Amino acid sequence: MSLVSKPTDLRDRVLNKKKSEKRGDKLVHAFSEHINAINSIDYFNVLSVEELLLKEHAFMIEKLKSRPNFPKGLTRFSPSSAAKCERELFFKAIKAEQDEKTGHPFQRRWTRNSTAVHGAVQKQLLEAEVLLDKPKFRVMRLANDLPAWEKNIEKTKIIKHGGVEFCIFGMCDGVLEYEDGTKIGFEFKTKSNSVAQIKQVKDIKQYQHQLTAYSILFGINEWLVMVEAVAKDKWSTGSIARDDFKLFYHKVSEADRKALLDKWARVAMNVQDGEISKPEYSKCLFCPFKGICQEVGL
């Protein structure tokens, strides 16, 4: 049997890729205009938005009073760790001893500042719905009228794949509705060192596993990723200031989902049979299990 694809298959793949790129360019341009439009006007707090955020805060307080009820006996994965080494996922699943954590005050302020910007962007998405004449995007709402993001949409999904059962638990930064009525996932990332970092961001390959996990969890295949520098250019640069954010479009494929599900299934199977997962030494930098990994060896 020949392994060469039929000319029609190749043509279809090329056409689908071009169609996806065209769609992606359109969405990136639209969201860029949308976020710049709301940041081009001066405005006071929007009463309806403030009331909605207060309602959301009350909802989060109630959630804090109880812990998530995870399915017992199932290995659990999260979107944020989707790209991690299989061995790290294995050690996490079996609750192996972690390395002693070290941190510095400036690093925690770094995280604090990024978290604050994150919340400000989400608030502006709500304000844009009210203040812009023709908003291109709206934040989708849940049955309780809360925005479709963060802990409001936090969920657990049980999955059967590769002869093993496991679960995925998590949330995402937002689910938007584009002006054509389609659902678009939204993910927000920050760069904290300088505005120059934005120019250096060429792609979002490091986040694609996370987006795939979101696709599995929420059933959304189209995603916009906004990367913003917490630091800004000098105030006096005005209209010639360097770009402080960059947008990317990514569409999750069936092959992406299968590859990630295969990975999770391997780890879940190893947790069941006790066989230690294989390491990926290129991913050691932020791994909290370096000590036990070295003890285990290859």
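Structure first, text after, so check above.
**A few points about the overall build of the chain**
A count of helices and strands for the chain gives eight helices and eight strands. By the compact-globule yardstick of 19 Å for 298 residues, the chain fits well, its C-alpha radius of gyration being 21 Å. Taken over the C-alpha atoms alone, the chain extends approximately 60 × 55 × 40 Å along its principal axes. When each of the 298 residues of the chain is scored for burial, the buried share is 38%. Long-range pairs, those at least 24 residues apart, make up 76% of the contacts in the chain with a sequence separation of at least 6.

**Description of the packing of helix 3 (residues 86-93) against helix 7 (residues 254-273)**
Interaxial distance between helix 3 and helix 7 falls to 10 Å at its minimum, and their mutual angle equals 45°. It follows from the interaxial angle that helix 3 and helix 7 lie oblique. As for the relative orientation of helix 3 and helix 7, their crossing is right-handed in sense. Along its contact with helix 3, which presents Glu-86, Leu-89, Phe-90 and Ala-93, the element helix 7 presents Lys-263, Trp-264, Arg-266, Val-267, Asn-270 and Val-271. Split by residue class, the contact of helix 3 with helix 7 holds six nonpolar, one polar and three charged.

**Quick word on the layout of surface pockets**
The volume enclosed by the second largest pocket comes to roughly 470 Å³. Lining the second largest pocket are 15 residues, with Ile-35, Asn-36, Asn-39, Asp-244 and Phe-245 positioned closest to its centre. Elements with a contribution of two residues or more to the lining of the second largest pocket: helix 1 (7-38), helix 4 (105-131) and strand 7 (222-229).

**Concerning the pairing of strand 8 (residues 245-251)**
Taken across its seven residues, strand 8 has five buried, putting it largely inside the fold. As defined by bridge partners, strand 7 adjoins strand 8 across seven bridges and the pair is classed as antiparallel. In the sheet register, Met-226 faces strand 8, and the bridge partner there is Leu-247.

**Structural notes on the packing of aromatic side chains**
According to the stated counting rule, one finds eleven aromatic pairs in the structure shown. Here the aromatic rings of Phe-166 and Trp-264 are separated by 6.2 Å at their centres, their planes lie at 70°, and the arrangement is edge-to-face. Taken together, the positions of Phe-166 in strand 4 (residues 164-170) and Trp-264 in helix 7 put the pair 98 residues apart, joining distant regions of the chain. Its relative accessible area of 0% is what places Phe-166 among the buried residues. Ring centres 6.4 Å apart and planes at 45° place the aromatic pair Tyr-214 and Phe-218 in the tilted group. With Tyr-214 and Phe-218 both in helix 6 (residues 208-218), this residue pair falls four residues apart, about one helical turn. Note on accessibility: Tyr-214 and Phe-218 belong to one class, buried. Ring pairs connect the aromatic residues Phe-31, Phe-137, Tyr-178 and Phe-186, which therefore count as one cluster. Over the ring of Phe-70 we find Arg-76; its NZ or CZ atom is 3.6 Å from the centre of that ring.

**Notes on the side chain of Gln-210**
Its location among the elements puts Gln-210 in helix 6. The contacts of Gln-210, once residues within four sequence positions are left out, are Pro-79, Ser-80, Ala-82, Glu-187 and Lys-189.

**Things to note about the pairing of strand 6 (residues 183-191)**
In terms of strand pairing, strand 5 (residues 174-178) meets strand 6 through four bridges, oriented antiparallel. In the sheet register, Leu-176 faces strand 6, and the bridge partner there is Ile-184. Linking strand 5 to strand 6, which pair antiparallel, is a turn of four residues; within it Gly-181 sits at a positive phi near 95°. One ladder, built from seven bridges, connects strand 6 with strand 7; its direction is parallel. The partner of Thr-190 across the bridge, within strand 7, is Glu-228.

**Observations concerning the pattern of salt bridges**
This structure, assessed with the given rule, holds 17 salt bridges. In this structure, Lys-136 and Glu-33 form a salt bridge, with 3.7 Å as the shortest nitrogen-oxygen distance. Of this pair, Lys-136 sits in the loop between helix 4 and strand 2 (137-139) while Glu-33 sits in helix 1, and the two are 103 residues apart along the sequence. For Lys-136, a relative accessible area of 22% translates into the label partly exposed.

**What to know about a positive patch on the surface**
Taken together, the side chains of Arg-67, Arg-76, Lys-92 and Lys-95 define a basic patch exposed on the protein surface. Mapped onto the elements of the fold, Lys-92 is located in helix 3.

**Some points on the packing of helix 2 (residues 47-64) against helix 4**
When two helices pack together, their arrangement is captured by the angle between the axes and the distance separating the axes. Running from amino to carboxyl end, helix 2 crosses helix 4 at an angle of 140°, the nearest separation of the two axes being 9 Å. Considering the angle they form, helix 2 stands oblique to helix 4. Here the hand of the crossing between helix 2 and helix 4 comes out right-handed. Two secondary-structure elements touch here, helix 2 through Ser-48, Val-49, Glu-50, Leu-52 and Leu-53 and helix 4 through Lys-123, Leu-126, Glu-127 and Val-130. Tallied by class, residues from the contact of helix 2 with helix 4 come to five nonpolar, one polar and three charged.

Calculation rules
- Residues numbered from 1 in each chain as written.
- Predicted model: local features only at pLDDT ≥ 70, side-chain atom pairs only at ≥ 80, totals over all residues.
- Heavy atoms only, no water.
- Helix = DSSP H or I, 4+ residues; strand = E, 2+ residues; numbered from the N terminus.
- Rg over C-alpha atoms; globule rule 2.2 N^0.38 Å.
- Buried < 20%, exposed > 50% of the residue type's maximum accessible area, 1.4 Å probe, protein only.
- Contact = heavy atoms within 4.5 Å.
- Axes fitted to C-alpha atoms, helices over the stretch in contact; angles between N-to-C directions.
- Parallel < 35°, antiparallel > 145°, perpendicular 65-115°, else oblique.
- Left-handed = near helix turned anticlockwise from the far one by under 90°.
- Nonpolar A, V, L, I, M, F, W, Y, C, P; charged D, E, K, R; others polar.
- 1 Å grid on protein atoms, 1.4 Å probe; cavity = no way out; pocket = protein on both sides within 12 Å on 5 of 7 lines; lining within 4 Å.
- Points joined across faces, edges and corners; volume = space filled by probe spheres on them.
- Pairing = 2+ DSSP bridges.
- Phe/Tyr/Trp six-rings, centres within 6.5 Å; stacked < 30°, edge-to-face > 60°.
- Lys NZ or Arg CZ within 6 Å of the ring centre and 35° of its normal.
- Salt bridge = Lys/Arg side-chain N within 4 Å of Asp/Glu carboxyl O.
- Patch = residues over 30% accessible without salt bridge, like charges linked within 9 Å, V, L, I, M, F, W, Y side chains within 5 Å.
- Areas by Shrake-Rupley, 256 points an atom, 1.4 Å probe, with all protein chains shown as cover.
- Lys, Arg positive; Asp, Glu negative; His and termini not counted.
- Charge placed at Lys NZ, Arg CZ, Asp CG, Glu CD.

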